[in-house]
Amino acid sequence: MASSSSNILVTGGAGYIGSHTVLQLLNAGFMVSVVDNLDNSSEIAIKRVTELAGAKGKNLTFHKIDLRDKKALDGVFSSTKFDAVIHFAGLKAVGESVEKPLLYYNNNLIGSITLLEVMGAHGCKKLVFSSSATVYGWPKEVPCTEEFPLSAANPYGRTKLIIEEMCRDIYVSDCSWKIILLRYFNPVGAHPSGYIGEDPRGTPNNLMPYIQQVAVGRRPALTVYGTDYKTKDGTGVRDYIHVLDLADGHIVALQKLFKDSNIGCEAYNLGTGKGTSVLEMVAAFEKASGKKIPLVMAGRRPGDAEVVYASTAKAEKGLNWKAKYGIDDMCRDQWNWASKNPYGYGSPESDK
Ligand code: NAD
Ligand code: UFG
């Protein structure tokens, strides 16, 4: 059973989902070590998480290390006996992965292989892995259940699929491993303090960070990709989930790893089970922020699915977890973060 003395290693813990999860772990009484190379994140996020955690902030240790640096990673495992690992670290931009596939295979696959090797060598065999709804490819129907056939639509998605397969193979080879694969749908929102949130480098690929940058005046308009889908208003439909719900999903997954003796390697969707269109999301954000979001209607973005949302039944039953927050909460917290930090962890100068 997880106790306040449990030591958890979080890879990618300075990133968007990682920083929120680290905060929830600290609040729940865990000792947390973060390994991150800060490739797509800022050490300021770590400092803010430490502050938000108050007295429990002292239980957070940060290592600026690339996961592929096996010697350095081995040193971290030698200095602390970890009870489990949550593995967020990876590159995640779909378009970039199409342009630079080897960068993605190198970073995501070699990083994960190195981590799994070092974990095995130190007898740490409990893992929660950040997978994605992208492993369902273009789903033929919705809601997506964990039993759907898996496929990859781009190199990023292929790295998720391969890492999932590696985990299944590792468990087959040694059944003392316990692995939970969490397939996230569309994480949005921020901690209600407005002190930590998503801060993508360069032009955002995803809807919410883009809307947010239009609202604070960094970009003139949102381009709506596709208005002729067979959906309620013609725009794409997704399952947006508050990052706090997602973070809680990791805590319950960890607890399952500690509690259940026979869990093997198991995948769970983390979504709300509700589909929201692009125009509905824009309307909710306008309501939360009081800002008008100018729109440019455009053609479909290549590779986009029409409608994707989760079946949540397995997570509800197996993890005893259900998302609590709705679209209005997500937009309120996203705007609170954006209005307090219009340039994220950076400054107008770093926005060049
Ligand atoms: P993020 O980029 O904010 O966080 C990832 C972190 O990993 C960053 O801090 C980055 O610096 C670090 N990192 C990358 N490669 C590394 C390496 N080789 N060594 C050490 N650190 C490294 O992304 P996020 O949105 O927080 O996503 C976290 C995980 O969840 C990723 O694996 C991502 O693929 C997955 N995921 C994200 C989404 C999403 O929409 N945000 C959806 C599904 C799955
Ligand atoms: N969209 C726009 N304009 C934009 C950005 C997005 O109209 O500027 C639309 C898209 O066409 C889509 C919806 O908003 O209909 C959501 O797009 P996102 O890029 O935010 O999210 P996706 O579902 O397309 O993809 C994201 C990640 C994937 C991941 C998937 C599920 O980019 O890597 O969520 O987790 F696999």
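Preceding this section is the structure that the text describes.
First, a word on what this report is: a plain description of the structure on this page. Only a predicted model underlies this, so the values are computations on that prediction, with no experimental measurement involved.

Reading the values: rules and limits
- Residues numbered from 1 in each chain as written.
- Chains lettered and ligands numbered in written order.
- Predicted model: local features only at pLDDT ≥ 70, side-chain atom pairs only at ≥ 80, totals over all residues.
- Heavy atoms only, no water.
- Pairing = 2+ DSSP bridges.
- Helix = DSSP H or I, 4+ residues; strand = E, 2+ residues; numbered from the N terminus.
- Axes fitted to C-alpha atoms, helices over the stretch in contact; angles between N-to-C directions.
- Contact = heavy atoms within 4.5 Å.
- Salt bridge = Lys/Arg side-chain N within 4 Å of Asp/Glu carboxyl O.
- Buried < 20%, exposed > 50% of the residue type's maximum accessible area, 1.4 Å probe, protein only.
- Near = heavy atom within 4 Å.
- Polar contact = N/O pair within 3.5 Å; in protein donor to acceptor, adjacent residues only side chain to side chain.
- Areas by Shrake-Rupley, 256 points an atom, 1.4 Å probe, with all protein chains shown as cover.
- 1 Å grid on protein atoms, 1.4 Å probe; cavity = no way out; pocket = protein on both sides within 12 Å on 5 of 7 lines; lining within 4 Å.
- Points joined across faces, edges and corners; volume = space filled by probe spheres on them.
- Nonpolar A, V, L, I, M, F, W, Y, C, P; charged D, E, K, R; others polar.

Things to note about the sheet that holds strand 11 (residues 265-270)
Here is step 1: The strand order across the open sheet formed by seven strands is 3-2-1-4-5-6-11, and the pairing between neighbours is parallel. Unpaired on one side and paired on the other, strand 3 (60-64) and strand 11 mark the two borders of the sheet. Looking at each pair of strands side by side, their axes are set apart by 20° on average, direction ignored.
Here is step 2: Note that strand 6 (residues 178-184) and strand 11 share six bridges and pair parallel. The residue bridging Arg183 from the neighbouring strand is Asn269, located in strand 11.
Here is step 3: Most of the contacts of helix 2 (residues 43-52) go to strand 3, to which it runs at about 175°, and overall it touches strand 2 (31-36) and strand 3.
Here is step 4: Sitting on the sheet, helix 5 (residues 101-121) is in contact with strand 1 (7-11), strand 4 (84-87) and strand 5 (126-132), with an inclination near 175° to strand 4.

Side note on the pattern of salt bridges
Here is step 1: By the definition in use, this model includes 18 salt bridges.
Here is step 2: Taking the shortest distance from any N to any O, the salt bridge between Glu164 and Arg168 comes out at 3.1 Å. Of this pair, Glu164 and Arg168 both sit in helix 6 (residues 155-173), four residues apart, roughly one helical turn.
Here is step 3: What makes Arg168 partly exposed here is its relative accessible area of 23%.
Here is step 4: Of the charged contacts, one joins Asp260 and Lys256 as a salt bridge, the two residues approaching to 3.0 Å between their closest N and O atoms.
Here is step 5: Given a relative accessible area of 24%, Asp260 falls into the partly exposed group.
Here is step 6: Residues joined by salt bridges that share partners form a network here, namely Glu164, Glu165, Arg168 and Arg183.

Section: the site of ligand 1
Here is step 1: Near ligand 1 there are 28 residues, and of these Asp36, Asn40, Ser41, Lys92 and Tyr156 occur at the shortest range.
Here is step 2: Ser41 is positioned with one of its side-chain polar atoms (N or O) 2.6 Å from an oxygen atom of ligand 1.
Here is step 3: For ligand 1, whose free accessible area comes to 820 Å², the fraction covered by protein is 95%.
Here is step 4: Mapped by element, the contributors of at least two residues to the shell around ligand 1 are helix 1 (16-27), strand 5 and helix 6.
Here is step 5: The element that contributes the greatest number of residues to the shell around ligand 1 is strand 5, accounting for three residues.

Thoughts on the layout of surface pockets
Vacant regions in the atomic arrangement are exposed by a probe of water-molecule size rolled over the atoms.
Here is step 1: Reported here for the second largest pocket is a volume of approximately 160 Å³.
Here is step 2: In terms of lining residues, the second largest pocket is bounded by 15 residues, among which Thr272, Lys274, Tyr325, Gly326 and Met330 are the most central.
Here is step 3: Counted by class, the lining of the second largest pocket contains six nonpolar, six polar and three charged residues.

What to know about empty space enclosed by the protein
Here is step 1: What the rule picks out here adds up to one cavity of 30 Å³ or more.
Here is step 2: A volume near 40 Å³ is recorded for the largest cavity.
Here is step 3: In this structure, the largest cavity is lined by Glu198, Asp199, Pro200, Gln212, Gln213, Arg218, Asn341, Pro342 and Gly344.
Here is step 4: Residues belonging to the lining of the largest cavity are distributed by class as follows: two nonpolar, four polar and three charged.

Digging into the environment of Lys126
Here is step 1: Position of Lys126 relative to the elements: it lies in strand 5.
Here is step 2: With 131 residues separating them in the primary sequence, Lys126 and Leu257 have C-alpha atoms 6.6 Å apart.
Here is step 3: Among all residues touching Lys126, those that are not within four sequence positions of it are Asp83, Ala84, Val85, Met119, Lys178, Leu257 and Phe258.

Describing the site of ligand 2
Here is step 1: With respect to spatial proximity, 21 residues lie near ligand 2, and among them Phe185, Thr223, Arg238, Arg301 and Asp304 are the closest.
Here is step 2: Residue Phe185 places a main-chain N or O atom 2.8 Å away from an oxygen atom belonging to ligand 2.
Here is step 3: With respect to ligand 2, the side chain of Asn186 contributes an N or O atom lying 2.9 Å from an oxygen atom.
Here is step 4: About the coverage of ligand 2: the protein hides 89% of its 690 Å² of free accessible area.
Here is step 5: Ranked by residues supplied to the shell around ligand 2, first place goes to strand 8 (residues 222-225) with four residues.
Here is step 6: In the shell around ligand 2, the residues fall into eleven nonpolar, seven polar and three charged.

Considering the environment of Ala84
Here is step 1: One can find Ala84 in strand 4.
Here is step 2: Residues Ala84 and Leu115 lie 31 residues apart in sequence; the distance between their C-alpha atoms is 12 Å.
Here is step 3: Among residues more than four places away in sequence, those in contact with Ala84 are Asn7, Ile8, Leu9, Cys124, Lys126, Leu254 and Phe258.

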